[in-house]
Amino acid sequence: MKKLAFIIGVFFISITAKAQEQELVKITVTIENVLNDNGIILVSLHNEDTFMKGAGVIDLADQAQKGEVTLTFENVKPGTYAVMVLHDENENNRMDFESNGMPKESYGMSGNAMVMGPPTFNDAKFEVASEDLELKIRF
């Protein structure tokens with residue numbers, strides 16, 4: 001009897017683990033209109049708590065390539081997120097600004113909202129459910 005209970009327990013654990021694996025999705029982000037090959041492209045996946053406050057839930061980086069760059073977030077849990085992208089041409093891992101406060105480097109976010117002033121989470125948010133997503137963000 002103990003052996004049967006053990007086998008049933010292992011079976012349910014394996015089903016639960018398999019179900020949890022299937023909930024995780026992949027988000028592929030294609031950044032369009034990269035103007036040159038200088039520096040790196042920084043891409044961050046944010047929730048409402050991390051948006052515009054530094055590091056994201058997941059952060060990625062890749063060498064800049066004129067034209068288009070594609071990066072992929074793996075194993076993302078369902079929820080509400082936003083993606084922020086920066087072309088960090090001087091590779092100092094932050095956005096640089098002109099003396100008047102305007103950004104010196106190209107940037108973008110999910111939703112491709114063109115806002116005056118800092119973006120809000122509501123401008124950029126999207127839902128992650130159970131299917132993989134593909135996003136295009138234009139600098």
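Scroll up for the structure.
The structure reproduced in this document is the subject of the present report. Since the structure is predicted, the reported quantities are computational estimates derived from the model, not experimental observations. (Residues numbered from 1 in each chain as written. Predicted model: local features only at pLDDT ≥ 70, side-chain atom pairs only at ≥ 80, totals over all residues. Heavy atoms only, no water.)

**Quick notes on unusual backbone geometry**
What is expected of a backbone is that most residues other than glycine have negative phi and most peptide bonds are trans.
Right, so step 1: You will see that Asn-75, though not glycine, has its phi angle at about 55°, which is positive.
Right, so step 2: Topologically, Asn-75 is positioned in strand E4 (residues 67-76).
Right, so step 3: Take Asn-75: its relative accessible area is 55%, and that puts it in the exposed class. (Helix = DSSP H or I, 4+ residues; strand = E, 2+ residues; numbered from the N terminus. Buried < 20%, exposed > 50% of the residue type's maximum accessible area, 1.4 Å probe, protein only.)

**What about the pattern of salt bridges?**
Right, so step 1: Per the counting criterion, the structure on display carries two salt bridges.
Right, so step 2: Across the pair Glu-32 and Lys-136 runs a salt bridge whose closest N-O atoms are separated by 4.0 Å. In this pair, Glu-32 is assigned in strand E1 (residues 25-34) and Lys-136 in strand E8 (residues 133-138), connecting sequence segments 104 residues apart.
Right, so step 3: On the basis of relative accessibility, which here comes to 51%, the residue Lys-136 falls in the exposed class.
Right, so step 4: A salt bridge links Arg-94 to Asp-96, with the shortest nitrogen-to-oxygen separation between them at 3.3 Å. (Salt bridge = Lys/Arg side-chain N within 4 Å of Asp/Glu carboxyl O.)

**Here's the deal with the nonpolar core**
Burial of nonpolar side chains together is a common tendency in soluble globular proteins.
Right, so step 1: By size, the foremost hydrophobic cluster in this structure holds 21 residues, and its most contacted members are Ile-27, Ile-31, Ile-41 and Val-83.
Right, so step 2: It is E1 that contributes the most residues to this core, five residues altogether.
Right, so step 3: The contacts of Ile-27, once residues within four sequence positions are left out, are Leu-45, Leu-71, Thr-72, Phe-73, Val-76, Phe-126, Val-128, Leu-133 and Leu-135.
Right, so step 4: Counting six residues, the second-largest nonpolar core is a separate cluster that includes Ala-82, Met-109, Phe-121 and Ala-124. (Core = buried A, V, L, I, M, F, W, Y, C linked by side-chain atoms within 4.5 Å. Contact = heavy atoms within 4.5 Å.)

**What about the sheet that holds E4?**
Right, so step 1: If you walk across this open sheet you meet the three strands as E4-E1-E8, and the pairing is mixed. One side of each edge strand has no neighbouring strand; the edge strands of this open sheet are E4 and E8. For this sheet, the mean inter-axis angle between neighbouring strands, taken without regard to orientation, is 20°.
Right, so step 2: One ladder, built from eight bridges, connects E1 with E4; its direction is antiparallel. Opposite Ile-31, over in E4, you have Val-69 as the bridge partner. (Pairing = 2+ DSSP bridges. Axes fitted to C-alpha atoms, helices over the stretch in contact; angles between N-to-C directions.)

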